[in-house]
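Architecture at a glance
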Amino acid sequence: METKAVVKKGTDTLIKYGSAGAGLAAGYLVASKLPVPAAGPVWLQTILQTLAPGVLVMLAAYMANKKFNDSKNENIEAAALGMGLAGLAVI
């Protein structure tokens with residue numbers, strides 16, 4: 001391969017993984033800052049505090065992926081994947 005092609009492929013891969021990392025960090029930050037209402041019985045509050053932030057972040061990642069899916073931009077898909085993984089990690 002030509003040197004320019006190798007550098008371009010390496011740069012594209014690095015940008016894609018960087019986008020996934022940025023999505024992961026943003027998703028975790030959003031999930032950690034989401035307020036959870038304290039209403040209802042104790043068992044419901046426990047479930048909401050445990051599951052709600054992660055599920056909401058995964059839903060936001062899914063909606064972002066669907067909205068920008070027409071652009072065929074791999075960086076946006078990688079960022080949405082990172083956000084989804086952050087939501088899963090929070091659960």
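This text gives an overview of the structure that appears in the document. Remember, predicted model here, so these are calculated numbers, not experimental data.

**Considering the overall build of the protein chain**
From N to C terminus, the protein chain includes three helices and zero strands. Secondary structure of the protein chain in N-to-C order comes out as α-α-α. Against the globule reference of 12 Å for 91 residues, the protein chain gives a C-alpha radius of gyration of 17 Å, more extended than a compact globule. Referenced to the eigenvectors of the C-alpha coordinate spread, the extents of the protein chain come out at roughly 65 × 20 × 15 Å. For the protein chain, the residues scored as buried account for 15% of the 91 residues in total. Look at the contacts in the protein chain between residues 6 or more apart in sequence, and 71% of them connect residues 24 or more apart. Element-wise, carbon and sulfur atoms account for 69% of the exposed surface of the protein chain, whose accessible area totals about 6,500 Å². For the protein chain, the distance from the average site of its 8 positive side-chain charges to the average site of its 5 negative ones is 6 Å.

**A few points about helix H3 (residues 74-90)**
Its 17 residues place the ends of H3 24 Å apart at the C-alpha level, agreeing with the 24 Å of an ideal helix rising 1.5 Å per residue. Among all positions in H3, only Ala78, Ala80, Gly82, Gly84, Ala86 and Gly87 are buried. Of the surrounding secondary structure, the elements contacted by the buried residues of H3 are helix H1 (3-33) and helix H2 (42-67).

**A closer look at the packing of H2 against H3**
Each pair of packed helices can be summarised by the angle the axes make with each other and by the distance between the axes. Relative to each other, H2 and H3 sit at 170 degrees, their axes nearing to 7 Å. The angle between the axes of H2 and H3 places the two elements in the roughly antiparallel class. Both H2 and H3 take part in a crossing whose hand is left-handed. From H2, Thr50, Pro53, Gly54, Val57, Met58, Ala60, Ala61 and Asn65 reach across to H3, where they touch Glu77, Ala80, Met83, Gly84, Gly87, Leu88 and Val90.

**Looking at the packing of H1 against H3**
Remark: H1 packs on H3, axes separated minimally by 6 Å, with the N-to-C direction vectors making an angle of 40 degrees. As for how H1 packs across H3, the hand of that crossing is right-handed. Between H1 and H3, the contacting residues are Ile15, Lys16, Ser19, Ala20, Gly23, Leu24, Gly27, Tyr28 and Ala31 on the first element and Glu74, Asn75, Ala78, Ala79, Gly82, Met83, Leu85, Ala86 and Val90 on the second. Per-class residue counts for the contact of H1 with H3 are 11 nonpolar, five polar and two charged.

Rules used throughout
- Residues numbered from 1 in each chain as written.
- Predicted model: local features only at pLDDT ≥ 70, side-chain atom pairs only at ≥ 80, totals over all residues.
- Heavy atoms only, no water.
- Helix = DSSP H or I, 4+ residues; strand = E, 2+ residues; numbered from the N terminus.
- Rg over C-alpha atoms; globule rule 2.2 N^0.38 Å.
- Buried < 20%, exposed > 50% of the residue type's maximum accessible area, 1.4 Å probe, protein only.
- Contact = heavy atoms within 4.5 Å.
- Areas by Shrake-Rupley, 256 points an atom, 1.4 Å probe, with all protein chains shown as cover.
- Lys, Arg positive; Asp, Glu negative; His and termini not counted.
- Charge placed at Lys NZ, Arg CZ, Asp CG, Glu CD.
- Expected span 1.5 Å × (residues − 1).
- Axes fitted to C-alpha atoms, helices over the stretch in contact; angles between N-to-C directions.
- Parallel < 35°, antiparallel > 145°, perpendicular 65-115°, else oblique.
- Left-handed = near helix turned anticlockwise from the far one by under 90°.
- Nonpolar A, V, L, I, M, F, W, Y, C, P; charged D, E, K, R; others polar.

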